[in-house]
Amino acid sequence: MASNLSVTVMVGNGFDLSAGLKTSTTRFMDFFSKNHASDEGPVGRLAGCIEKEGAREWADFEKKLGEYTSNLEADEEDAVGAALDCKEAIDVDLAAFIASEDKRATNEFIEANSESVMASLAYWYSALQPLERQRILGYYSTDFVLSVSIVTFNYTTLLPRLFSAVKASGCAVPEDGLGVSSIRPIRLVQAHGALGREPICGVNDVSQIGSDALSKNEDIASTFVKGEIQKLFGSVDDRKAEDFILGSNILIIFGLSLGETDIRWWETVVKLLRSGENRFVLMASTEAVSARRSPASFRRFSKELKDKLLSRGGANDDEKRSLSERIFIIPAGSIFRFKSHLTGAD
């Protein structure tokens with residue numbers, strides 16, 4: 001008898017980049033630093049620091065933003081006011097930057113790609129290795145009936161629009177979708193806000209605010225810490241996201257860097273794995289194929305990736321050994337397949 005599976009996909013900026021949106025961290029930092037190069041106050045000094053130090057991933061940028069508060073404590077007469085000015089400038093520029101890219105995803109692009117992108121989620125099972133499939137089949141039977149939930153950490157409208165288009169019209173399983181008989185997109189949440197609302201950028205908790213004095217300030221905590229920002233706006237998106245994740249049989253992580261400023265999410269993933277032997281996590285990686293060039297490279301790669309997730313999620317050494325057996329790594333190109341990609345724009 002076929003098994004009904006709840007599949008949740010956690011989606012990061014790698015998705016937007018794969019579509020052709022130019023939403024990389026480095027591009028935003030360049031955008032911000034140019035906007036404020038002539039500012040003489042704390043925002044201008046932050047822009048200069050960003051231009052000098054840089055960061056590769058969004059989480060790295062968020063972490064550096066928290067650390068920068070120690071500079072403000074040392075250099076600014078009104079450190080709290082300076083920190084709030086800097087954070088406001090970041091938030092305003094981030095919304096403008098994302099909006100400028102988001103508008104490139106036309107209705108024609110959505111129509112051309114919605115079916116292929118969402119239907120390709122059926123390929124998660126065929127992307128597994130034979131022994132990994134056997135682990136799944138120890139608890140579930142093919143052909144799987146998939147109910148798909150999306151937790152996206154992106155602010156753009158791209159994935160919500162693709163999702164809505166398929167949810168409205170239905171989604172056929174690809175003929176070569178091994179082990180899957182049907183796929184039904186059921187719900188989506190933008191866990192960190194969205195354009196038109198409040199894009200939420202910040203650190204995981206007050207311990208990541210570099211200034212000890214500022215970390216104790218209520219105004220700073222409510223504007224720098226993601227969970228506190230959501231409380232400020234009365235948002236329950238993070239609670240919905242946690243419910244989606246913890247209700248999964250299969251959880252897929254796509255386009256996320258496992259950053260320190262999202263520790264609460266990695267703790268939720270570990271909580272899912274702890275909840276039962278029949279819960280599995282798939283990590284979609286752009287390096288999965290090249291890492292298989294030798295046993296040594298693949299062991300090193302897979303061990304480091306799994307350990308990063310489990311360590312950030314709070315698993316102890318004994319748990320790591322058992323939980324890692326239910327974490328599988330698949331090529332990122334296996335799922336979320338676009339028929340076309342956005343081109344143009346500088």
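As the structure is a computational prediction, the values presented were derived from the model and not from experiment.

Participant: Is there a simple way to think about the pattern of salt bridges in this case?
Facilitator: Between side chains of opposite charge, pairing is possible as soon as their charged atoms come close. A full pass over the atoms with the stated rule returns 18 salt bridges. Note that Arg 326 is salt-bridged to Glu 277, the shortest N-O span being 3.6 Å. Taken together, the residues Arg 326 in the loop between helix 15 (317-323) and strand 6 (327-331) and Glu 277 in the loop between helix 13 (263-274) and strand 5 (280-285) connect sequence positions 49 residues apart. Because the salt bridges share partners, they merge into one network encompassing Glu 62, Lys 226 and Asp 262.

Participant: Explanation requested: the packing of helix 6 (residues 107-119) against helix 8 (residues 158-169) in the structure shown.
Facilitator: Packing of helix 6 against helix 8 leaves a shortest axis separation of 8 Å and a crossing angle of 70°. Here helix 8 runs roughly perpendicular to helix 6, going by the angle between their axes. As for how helix 6 packs across helix 8, the hand of that crossing is right-handed. In contact with Asn 107, Phe 109, Ile 110, Asn 113, Ser 114, Glu 115, Val 117 and Met 118 of helix 6, helix 8 contributes Leu 158, Leu 159, Arg 161, Leu 162, Phe 163, Ala 165 and Val 166. Considering only residue class, the contact of helix 6 with helix 8 consists of 10 nonpolar, 3 polar and 2 charged.

Participant: For this particular structure, what's the right way to read the nonpolar core?
Facilitator: As a rule of thumb, nonpolar side chains are buried together in soluble globular proteins. Ranked by internal contacts, the top residues of the largest apolar core, which has 46 residues, are Val 9, Phe 15, Trp 124, Ile 136, Ile 150 and Phe 336. In contact with Ile 150, other than residues within four places in its own chain, are Val 9, Val 11, Met 118, Leu 121, Leu 159, Phe 163, Arg 187, Leu 188, Val 189, Phe 244 and Phe 336. Ranked by size, the runner-up nonpolar core spans 31 residues in total, among them Phe 28, Leu 72, Ile 90 and Phe 97.

Participant: Would you mind going over helix 8 with me for this structure?
Facilitator: Structural remark: α-helix, 3.6 residues per turn; residues separated by three or four positions point the same way. Taking 1.5 Å as the rise per residue, helix 8 with 12 residues should run 16 Å; its terminal C-alpha atoms sit 17 Å apart, in good agreement. For helix 8, the set of buried residues is Leu 158, Leu 159, Pro 160, Leu 162, Phe 163 and Val 166. If you follow the buried residues of helix 8, they end up packed against strand 1 (4-11), helix 1 (13-19), helix 5 (79-102), helix 6, strand 2 (144-152) and strand 3 (180-190). Taken from the residues just after helix 8, Gly 170 is the one with a positive phi, measuring 90°.

Rules of the game
- Residues numbered from 1 in each chain as written.
- Predicted model: local features only at pLDDT ≥ 70, side-chain atom pairs only at ≥ 80, totals over all residues.
- Heavy atoms only, no water.
- Salt bridge = Lys/Arg side-chain N within 4 Å of Asp/Glu carboxyl O.
- Helix = DSSP H or I, 4+ residues; strand = E, 2+ residues; numbered from the N terminus.
- Axes fitted to C-alpha atoms, helices over the stretch in contact; angles between N-to-C directions.
- Parallel < 35°, antiparallel > 145°, perpendicular 65-115°, else oblique.
- Left-handed = near helix turned anticlockwise from the far one by under 90°.
- Contact = heavy atoms within 4.5 Å.
- Nonpolar A, V, L, I, M, F, W, Y, C, P; charged D, E, K, R; others polar.
- Core = buried A, V, L, I, M, F, W, Y, C linked by side-chain atoms within 4.5 Å.
- Buried < 20%, exposed > 50% of the residue type's maximum accessible area, 1.4 Å probe, protein only.
- Expected span 1.5 Å × (residues − 1).

Read these as layout, nothing more, since geometry by itself doesn't imply function.
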